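For reference, the chains in residue letters:
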Amino acid sequence: MKLSIRKTIEDVSLAYHIPTEVIIFYIKHEWIYPIDRENLLLDEEDIARIHLINELREDFGVNDDAIPIILHLIDQLNYFRVR
Amino acid sequence: MIDPYKILGVSKEATIDEIKKAYRKLAKKLHPDLNPGKDSERKFKDIAHAYDLIGTAEAKSKFDRGETDEQRQQEYEESMRANTRRAKRPSYHQTQQNTGRYSNVFDSDFNTQDIFEQFFGRAQETSKPGEDELYNLEIDFKEAALGSEKVITLPRGKKIKVQIPAGIEDGQKLRFKGLGGPGINNGPSGDAYVQISVKKLSGFTRAGQDILTTVPVSIFEAISGGEIEVPTIDGSVMLKIPPGVNNGSKLRISGKGVGVENYRGNQIVTINIVMPKQIDPAFKEAMLKLSNQFSYSARDAR
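Residues numbered from 1 in each chain as written. Chains lettered and ligands numbered in written order. Predicted model: local features only at pLDDT ≥ 70, side-chain atom pairs only at ≥ 80, totals over all residues. Heavy atoms only, no water.

This part covers the overall build of chain A. A count of helices and strands for chain A gives four helices and two strands. Its helices and strands taken in sequence order, chain A reads β-α-α-β-α-α from the N to the C terminus. Within chain A, the proportion of its 83 residues that are buried is 48%. Carbon and sulfur atoms form 55% of the exposed surface of chain A, whose accessible area is close to 4400 Å². (Helix = DSSP H or I, 4+ residues; strand = E, 2+ residues; numbered from the N terminus. Buried < 20%, exposed > 50% of the residue type's maximum accessible area, 1.4 Å probe, protein only. Areas by Shrake-Rupley, 256 points an atom, 1.4 Å probe, with all protein chains shown as cover.)

Right, let's get into the packing of aromatic side chains. As enumerated under the stated definition, the model contains seven aromatic pairs over all chains in all. Look at Tyr26 of chain A and Trp31 of chain A: their rings are 5.7 Å apart centre to centre, the planes differ by 40 degrees, and that puts the pair in the tilted class. Relative accessible area serves as the criterion here: at 0%, Tyr26 of chain A is assigned to the buried category. Aromatic side chains Phe141 of chain B and Phe204 of chain B sit 6.0 Å apart centroid to centroid with 55 degrees between the ring planes, which places their arrangement in the tilted category. One end of the pair, Phe141 of chain B, is in helix H9 (residues 141-146); the other, Phe204 of chain B, is in the loop between strand S5 (192-198) and strand S6 (205-207), and 63 residues separate them in sequence. Its relative accessible area of 11% is what places Phe204 of chain B among the buried residues. (Phe/Tyr/Trp six-rings, centres within 6.5 Å; stacked < 30°, edge-to-face > 60°.)

Residue and element names in this part refer to chain B. Strand direction decides the pairing type here: strand S8 (residues 226-232) and strand S9 (residues 235-241), joined by seven bridges, are antiparallel. In the sheet register, Val230 faces S9, and the bridge partner there is Val237. The loop that links S8 with its antiparallel partner S9 comprises two residues. (Pairing = 2+ DSSP bridges.)

Another aspect to go through is the layout of surface pockets. Residue and element names in this part refer to chain B. The calculated volume of the second largest pocket comes to roughly 640 Å³. Surrounding the second largest pocket, 17 residues form its lining, Ile219, Ile223, Met287, Phe294 and Tyr296 being those nearest its centre. With four residues, the single largest contributor to the lining of the second largest pocket is helix H10 (residues 219-224). Here the residues of the lining of the second largest pocket are counted per class, giving 12 nonpolar, four polar and one charged. (1 Å grid on protein atoms, 1.4 Å probe; cavity = no way out; pocket = protein on both sides within 12 Å on 5 of 7 lines; lining within 4 Å. Points joined across faces, edges and corners; volume = space filled by probe spheres on them. Nonpolar A, V, L, I, M, F, W, Y, C, P; charged D, E, K, R; others polar.)

What follows deals with helix H2 (residues 16-30) of chain B. Side chains of residues three or four places apart in an α-helix project in the same direction, reflecting 3.6 residues per turn. Compared with an ideal rise of 1.5 Å per residue, which puts 15 residues at 21 Å, H2 of chain B spans 20 Å between its outermost C-alpha atoms and is within 8% of the ideal. Within H2 of chain B, burial applies to Ile19, Ala22, Tyr23, Leu26, Ala27 and Leu30 of chain B. One side of H2 of chain B holds all its buried residues, which, seen down the axis, span an arc of 130 degrees. Of the exposed residues in H2 of chain B, the ones pointing more than 90 degrees away from its buried face are Asp17, Lys21, Lys25 and Lys29 of chain B. On its buried face, H2 of chain B is in contact with helix H3 (44-59) of chain A together with helix H1 (4-8), helix H3 (40-54) and helix H4 (57-64) of chain B. (Expected span 1.5 Å × (residues − 1). Arc of directions from axis to C-beta. Contact = heavy atoms within 4.5 Å.)

The next subject is the sheet that holds strand S1 (residues 133-139) of chain B. Residue and element names in this part refer to chain B. Pairing within the open sheet is mixed, and its three strands lie in the order S1-S5-S4. At either end of the open sheet lies a strand with only one pairing partner, and these are S1 and strand S4 (173-176). Sheet twist, expressed as the mean angle between neighbouring strand axes with direction ignored, is 25 degrees. Pairing between S4 and S5: four bridges, direction antiparallel. Opposite Lys173, over in S5, you have Gln195 as the bridge partner. (Axes fitted to C-alpha atoms, helices over the stretch in contact; angles between N-to-C directions.)

On to the packing of helix H2 (residues 20-28) of chain A against H3 of chain A. How two helices sit against one another is set out by the angle between their axes and by the gap between those axes. All names here are of chain A. The interhelical angle for the contact between H2 and H3, taken along N-to-C directions, is 95 degrees, at an axis separation of 11 Å. The orientation of H2 with respect to H3, classified from their angle, is roughly perpendicular. The segment H2 lies against H3, with Val22, Ile23, Phe25 and Tyr26 engaging Ile50, Ile53, Asn54 and Arg57. Of the residues belonging to the contact of H2 with H3, the class tally is six nonpolar, one polar and one charged. (Parallel < 35°, antiparallel > 145°, perpendicular 65-115°, else oblique.)

Turning to the environment of Lys12 of chain B, a few remarks are in order. Residues and elements named next belong to chain B. Along the chain, the position of Lys12 falls in the loop between H1 and H2. In this structure, the C-alpha to C-alpha distance between Lys12 and Asp64, residues 52 residues apart in sequence, is 8.4 Å. Once residues lying within four places of it in the same chain are set aside, the contact partners of Lys12 are Asp3, Tyr5 and Lys60.

All names here are of chain B. Looking at chain B as a whole, the pLDDT averages 81, with 81% of positions reaching at least 70. Mean pLDDT across the elements of chain B bottoms out in helix H8 (residues 112-120) (51) and peaks in strand S11 (residues 267-274) (96). Counted against residues more than four places away or in other chains, residues 82-87, with its pLDDT under 50, gives 13 contacts. Low pLDDT (under 50) marks residues 106-112, which in the prediction has 20 contacts with non-local residues, meaning those over four places away or in another chain. Note on the complex model: pTM 0.44, ipTM 0.71. (pLDDT = per-residue confidence, 0-100.)

Moving on, we get to the pattern of salt bridges. All names here are of chain B. Taken as a whole, this structure holds 11 salt bridges over all chains when the rule is applied. Here Glu149 ties to Lys161 by a salt bridge, and the two come within 3.8 Å at their closest N and O atoms. With a gap of 12 residues between them, Glu149 in strand S2 (residues 148-153) and Lys161 in strand S3 (residues 159-164) connect regions that are remote in the sequence. For Glu149, a relative accessible area of 46% translates into the label partly exposed. Among the salt bridges present, the one from Lys256 reaches Asp234, with a minimum N-O distance of 3.4 Å. In this pair, Lys256 sits in the loop between strand S10 (250-253) and S11 while Asp234 sits in the loop between S8 and S9, placing the two residues 22 residues apart along the sequence. For Lys256, a relative accessible area of 21% corresponds to the partly exposed category. Overlapping salt bridges bring together Asp234, Lys256 and Arg264 as one network. (Salt bridge = Lys/Arg side-chain N within 4 Å of Asp/Glu carboxyl O.)

Structure below.
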């Protein structure tokens, strides 16, 4: 059992120059499931996933409808990679 | 010092748009989350860094003037030396390598299973509880009535002690949480159910807490009364028959029924008067004499 970091949306926003609205937008779309939903705290997985979504949207020009599909396929891919 | 133009495969005169296009093209090919491979991670970092250096008009002019952000360059090179991980951005697929929440627990709102089926025609990736398993255990009538303890071995070798409660009915199931089929992808194990089948015991039936039996008696025993031997689940006992007992009368033997000690039901014994197999002429004659002397009406209301 490893302990992982917990960061507020504001902390993540400051640390990585990502507007808080963007993070909240991802959470609202359920692309990000904060590790602590009650207090809206993010862990390393959440943060890495936010970066991934940013790259998909900004660098690759993926539209928002396709984001969840790609995320899920990536999750499947990772799942099978681990197995 | 790296050459971002070379890495992105564009000329120094390329427009920001062209650089962006070149970067996107390469990024799609090399993004470590989309392209599992040893090299993609490092290559992706290179192109991401190159893009950072010349991806915007401001950065590009800075770079072209040779004023590249030294600190950024250094930071990048240090992080490359330290390990393959890009310091600035945690790598998503690395967070998913062991117990990634996202890759193990799939979103239920968005039906991944359907998508997966569309692509691969089968679904087996979700975490599922193991199947419940049903076993049959045959026990004796007496064990069911009085309760007992049995050790059974499940197919996977696990031995479980089964406490059979007194008075268990045929077909009842006992549940053993978590001893069923193993969960799929870390899902919880299913439950094991042991269904009880109670072996028949000739002459004995159960009615709640009571055990019902029938005892045949001769007409002489029925008239004279007396003690007769009656089987119970604890062995034979002597049952006192009152004189003149009727066919179908029910006699009670207390404490020989179903249940735990001191709280057992009763055995209810039904009298079944049995005629002689053959009526001997002398017997018939004797009875005729008796009936003249002691006649009674069997059909009057009593």
